[in-house]
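Coordinates in review
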Amino acid sequence: REKDACWEYGDKLDGNRVRCRFCQKVINGGISRFKFHLSQIPSKGVNPCVRVTDDVREKVIALIEAKESHRELELLKRKRVAELSVLPKRTRELPSQPSSPGLPTSPPIIPAFEPSQLLGLEVPAPVLRLSSAATKPRPASGLEVERCIAEFFFENKLDYSIADSISYKHMMDTLVGQEFQGPSADVLRTKWLQKLKSEVLQRTQEIKKDWVTTGCTILADSWTDNKLKALINFSVSSPLGTFFLKTVDASPHIKNHRGMYELFDEVIQEVGPDNVVQIISDRNINYGNIDKLIMQNYNTIFWSPCTSFCVNSMLDDFSKIDWVNQCICQAQTITRFVYNNNWVLDLMRRCMAGQELVCSGITKSVSDFLTLQSLLKHRSKLKQMFHSSEYVSSPYANRSLSISCVEILSDDEFWRAVEEIAAVSEPLLRVMRDVSGGKAAIGYIYESMTKVMDSIRTYYIMDEGKCKSFLDIVEQKWLVELHSPLHSAAAFLNPSIQYNPEVKFFTTIKEEFYHVLDKVLTVPDQRQGITSELHAFRKAQGMFASNIAKEARNNTSPGMWWEQYGDSAPALQHCAVRIVSQVCSTLTFQRDWTIILHSHSEKRNKLNKEALADQAYVHYNLTLHSDSKTTAKKKAEGDPIALDDIDMTSPWVEDSDGPSLTQWLDRFPSALDGGDLNTRQFGGSIFGTNDLFGL
């Protein structure tokens, strides 16, 4: 047991006890019960760890399942040995077991062995040859298979009618067997929709329990056609996860601020005013003075802008600078030529070892700067490809676009511009990565934006004109649009910043911190000792002075750090945990507005709209649940602001000779930046509803 793989997540204590390194709780019963603590498996009599990371939890579950499988295999082996030890030495035919759908049957002929050989068997290989049941996993029950199919339908917004198609039934017969028919369209629409919805509601109730300690953020993500239609997606985010709440049609209230206020007030009451720390909104809809009304009526709630939206706006303004725009257009000439000719595209992929030249991001501006970085990274390989004998001898080499590409690739001024743009945009792209995906990044945004402006000053230290052009964009949007007092308070309470000797807080940061503290400390008893608690925190006294607390300053999230080491200052701890545990972006997962537009179509009856609202609720929350568990490792390894697939409607790959579809689609603003989120998300609502739920 000393060699158990789970010891790296816990500390061994006296009396067969283990301290969890994630939540610091002490578990009695040794490493076995500690595994169930990390795995969060219910009904084991062990309190689950609320701080364990998804990758560790999945690893521990795999270890538990492997051990149980090994135990079952050993029991099966002993049973087989006991049965075969009483057989005569000749071959005996055993009666075959009755067959069941999907269950393997034992082979009818079993060779005879000496009982002494079987009883002394140590290696499992001979036993595995006795029965194929030991080599195959336990088949899933019909209910489990139905659940997987239902989740597949809802997560991918598939039309119910698919379940009644001939090809679907043929697939079920092939994969599962003719005895299993699979859920029909009606079963999916009724039984599984309500079952999955109730399970999502139950899961969200568990998340809500943590809001008393950590607080939560209401995310208002909007869509509008800039005319009469406006929809708002409401989600709630906290350290335990984000879940989709509902979508409201705000169209009647676009010009009526009182009506808009009532929409938000209803959501606040539903979540609980005491639980809400802040509301984050994008700027697709003009909310007028709603933010002031809410902060006036709810003294402890703050209204903050979406960091992703504002940073993307900075990148968008970067791309409008003349020489930057010219560089992007030249680069698009190269990528369009490559991606619109199959032979050239295949050659490029061979030269680049299967990598893509174009990088599609979560917005148009992100795509622009990611692709410029990609061009810079593959600069030498691109040049080699266009000058290779294989390409020069091809019919493509003499085309006018090909000649233009070669000229651009040979232009040193072009590459100097690409290098500049990549260098000056990377800090903002880093901010986008830091705040995306539901991360509690509010304690770092002030420091991150300061680093962005410092990097621009450093890079253009010898070019005052260019420095001013980029710096003006960032400073104006940071100070006027993005900055919130919560950002200052979270930075002040972030231990990695507070105890950094190189950081000196401006007076404005302290003033905004005390302003926030004044709002959130509503109980007189909490105010009495706050001065001494602040002194203990700033001077690192009490529990703040422990070596463990000091070591955790830079490698633990601020919220967890305050929960574990802030007991010396209980009133300040309560405020700090609620402040630094919040997100600062509405971009917690990639939304597809087609399902929302479909459910809010005017030509639907009430029951139809309610069913579609339930489907949207299940779809979004299944997506969030999948993102937080199944794809956690993939997200950790990949780029959170880059898409897996290339957007074939983007200006980087569209056919420049044909009509530009994206010019027409630009009239439909996106969920994030008023028109430049990848246009493929509107495909269903514009060209048909085959990929949506059909009722």
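It should be noted that the structure appears before, not after, this text.
Model, not experiment: these values are computed from the prediction.

Here we take up the overall build of the chain. Along its length, the chain carries 33 helices and 10 strands. Counted over contacts in the chain with a minimum sequence separation of 6, partners at least 24 positions apart contribute 67%. Of the roughly 34500 Å² of accessible surface on the chain, 52% is carried by carbon and sulfur atoms.

Before going further, it helps to spend a moment on helix α11 (residues 307-319). The terminal C-alpha atoms of α11, which comprises 13 residues, lie 19 Å apart, in line with the 18 Å expected from a rise of 1.5 Å per residue. Taking burial as the measure, the 13 residues of α11 include 11 buried ones, the bulk of the element. Where the residues of α11 are buried, they touch β10 (302-305), α12 (322-339), α14 (364-377), α18 (412-435), α19 (445-459) and α20 (464-482).

Read across the open sheet, the five strands follow the order β8-β7-β6-β9-β10; overall the sheet is mixed. Among the strands making up the open sheet, the edge pair consists of β8 (241-249) and β10. Taking each pair of neighbouring strands and ignoring which way they run, the sheet shows an average axis angle of 25 degrees. Across four bridges, the pairing between strand β9 (residues 276-281) and β10 is parallel. Directly across from Gln278, in β10, lies its bridge partner Phe302. Its contacts with the sheet put helix α9 (residues 257-271) on β6 (216-224), β7 (230-238), β8, β9 and β10, and the angle it makes with β8 is roughly 145 degrees.

This brings us to helix α23 (residues 507-520). When the terminal C-alpha atoms of α23 are compared, their 20 Å separation across 14 residues agrees well with the 20 Å that a helix rising 1.5 Å per residue should span. Among all positions of α23, only Ile509, Phe513, Val516, Leu517, Lys519 and Val520 are buried. Projected down its long axis, α23 carries its buried residues within an arc of 160 degrees, all on one side. Residues of α23 that are exposed and angled more than 90 degrees away from the buried face: Thr507 and Glu511. Where the residues of α23 are buried, they touch α10 (290-297), β10, α19, α21 (485-493), α25 (530-538) and α28 (570-580).

Turning our eyes to something else, we now look at the pairing of β10. Here β10 shows no split at all, with Phe302 and Ser304 on one side and Trp303 and Pro305 on the other all buried. The β-α-β motif built from β9, the intervening α10 and the parallel element β10 has right-handed crossover chirality.

With that settled, consider the state of the cysteines. All chains considered together, the criterion is met by zero disulfides. Cys20 takes part in no disulfide bond, and the closest cysteine sulfur, belonging to Cys23, lies 3.8 Å away. Taking the relative accessible area as the measure of exposure, Cys20 reaches 0% and is therefore buried. Among the cysteines around Cys23, which has no disulfide bond, Cys49 carries the closest sulfur, lying 3.7 Å off. The exposure class assigned to Cys23 is buried, which follows from its relative accessible area of 9%.

Time to look at the packing of α18 against α19. It is the contact of α18 with α19, at a shortest axis distance of 10 Å, that shows an interaxial angle of 175 degrees. Our classification of the angle between α18 and α19 gives roughly antiparallel. When α18 is examined against α19, the residues Glu419, Glu420, Ala423, Val424, Pro427, Leu428, Val431, Asp434 and Val435 are found in contact with a partner set consisting of Ile445, Ser448, Met449, Val452, Ser455, Ile456 and Tyr459. Of the residues that constitute the contact of α18 with α19, the class distribution is 11 nonpolar, two polar and three charged.

With the rule as written, the count across this model stands at 32 salt bridges. For Asp249, the salt bridge goes to Lys229, with nearest N and O atoms at 3.3 Å. Highlighted residues: Asp249 in strand β8 and Lys229 in the loop between β6 and β7, separated in sequence by 20 residues. The exposure class assigned to Asp249 is partly exposed, which follows from its relative accessible area of 29%. Its salt-bridge partner being Asp368, residue Lys364 comes within 3.4 Å of it at the nearest N-O pair. Taken together, the positions of Lys364 and Asp368, both in helix α14 and four residues apart, correspond to about one turn of that helix. The partly exposed category is assigned to Lys364, whose relative accessible area is 36%.

Let us look at the packing of aromatic side chains. All chains considered together, the criterion is met by 32 aromatic pairs. Between Tyr9 and Phe22 the ring centres are 6.0 Å apart and the planes differ by 35 degrees, which places this aromatic pair in the tilted class. Pair noted here: Tyr9 is in the segment before β1 (10-13) and Phe22 is in the loop between β2 (17-20) and β3 (26-28), with a separation of 13 residues, a long-range link. With respect to class, Tyr9 is no different from Phe22; both count as buried. For the ring pair Tyr499 and Phe537, a centre distance of 5.6 Å and an interplane angle of 70 degrees mean the geometry is edge-to-face. Within this pair, whereas Tyr499 is found in the loop between α22 (495-498) and α23, its partner Phe537 is found in helix α25, the two being separated by 38 residues in sequence. Considered together, Tyr499 and Phe537 belong to a single accessibility category, that of buried residues. Taken together, the ring pairs in this structure connect Tyr499, Phe537, Phe544, Trp561, Trp562 and Tyr565 into an aromatic cluster. The aromatic ring of Phe302 is capped on one face by Lys519, whose charged end is 4.4 Å from the ring centroid.

Among the nonpolar cores identified, the biggest contains 106 residues, and Ile456, Trp562 and Leu572 are the most heavily contacted of them. No other element matches the 11 residues that α18 contributes to this core. When near neighbours in sequence (up to four residues on either side) are disregarded, Leu572 contacts Leu493, Phe513, Leu517, Ile530, Glu533, Leu534, Phe537 and Trp562. Membership of the second largest hydrophobic core comes to 29 residues, among which are Ile207, Ala220, Ala250 and Ile279.

Let us now look at the sheet that holds β3. Spatial strand order, β1-β2-β3: three strands in an open sheet with antiparallel pairing. Of all the strands in the sheet, the pair left with one neighbour each is β1 and β3. When the angles between neighbouring strand axes are averaged without regard to direction, this sheet yields 30 degrees. The pairing of β2 with β3 spans three bridges and is antiparallel. Bridging from a neighbouring strand, Arg19 pairs with Val26 of β3. Across the sheet, helix α1 (residues 30-39) touches β1, β2 and β3, and the angle it forms with β2 is around 30 degrees.

About the criteria used
- Throughout, residues of each chain are indexed from 1 in the direction in which the sequence is written.
- Given that the model is predicted, a residue must reach a pLDDT of at least 70 before its local features are reported, and side-chain atom pairs must reach 80 or more before they are shown or counted; all residues, however, enter totals for whole chains, interfaces and linings.
- Side-chain figures throughout are based on the complete set of non-hydrogen atoms in the structure, without hydrogens or water.
- Only DSSP runs of H or I covering at least 4 residues are called helices, and only runs of E covering at least 2 are called strands; the numbering of each starts at the N terminus.
- Pairs of residues are marked as contacts when any of their non-hydrogen atoms sit within 4.5 Å.
- Accessible surface area values rest on a Shrake-Rupley calculation with a 1.4 Å probe, where residue burial reflects the displayed protein chains alone.
- What a helix should span is 1.5 Å times the count of its residues minus one.
- Note on classification: 1.4 Å probe, protein chains only; a residue is buried when its accessible area is under 20% of the maximum for its type, exposed when over 50%, partly exposed between these limits.
- Whether two strands pair depends on DSSP finding at least two bridges between them.
- Each axis is a line fitted through C-alpha atoms, taken for helices only over the stretch in contact, and angles between the N-to-C directions span 0 to 180 degrees.
- This arc describes the spread of directions from the helix axis toward the C-beta atoms.
- The crossover handedness rule: strands pointing away from the viewer, path from first strand over the helix to second strand clockwise, crossover right-handed.
- Only a pair of cysteine sulfur atoms within 2.5 Å counts as a disulfide in this structure description.
- Should an angle fall under 35 degrees it is taken as roughly parallel, and over 145 as roughly antiparallel, whereas 65 to 115 is taken as roughly perpendicular and any remaining angle as oblique.
- Residues are grouped as follows: Ala, Val, Leu, Ile, Met, Phe, Trp, Tyr, Cys and Pro are nonpolar; Asp, Glu, Lys and Arg are charged; every other residue, Gly included, is polar.
- What makes a salt bridge here is a side-chain nitrogen of Lys or Arg within 4 Å of a carboxyl oxygen of Asp or Glu, nothing more.
- Stacked, tilted and edge-to-face pairs are distinguished by plane angle, under 30 degrees for stacked and over 60 for edge-to-face with tilted covering the rest, among Phe, Tyr and Trp rings (Trp via its six-membered ring) whose centres lie within 6.5 Å.
- Any Lys NZ or Arg CZ that is within 6 Å of a ring centre and within 35 degrees of that ring's normal is treated as a charge sitting over the ring.
- In plain words, nonpolar cores are sets of buried Ala, Val, Leu, Ile, Met, Phe, Trp, Tyr and Cys residues tied together by side-chain atoms within 4.5 Å.

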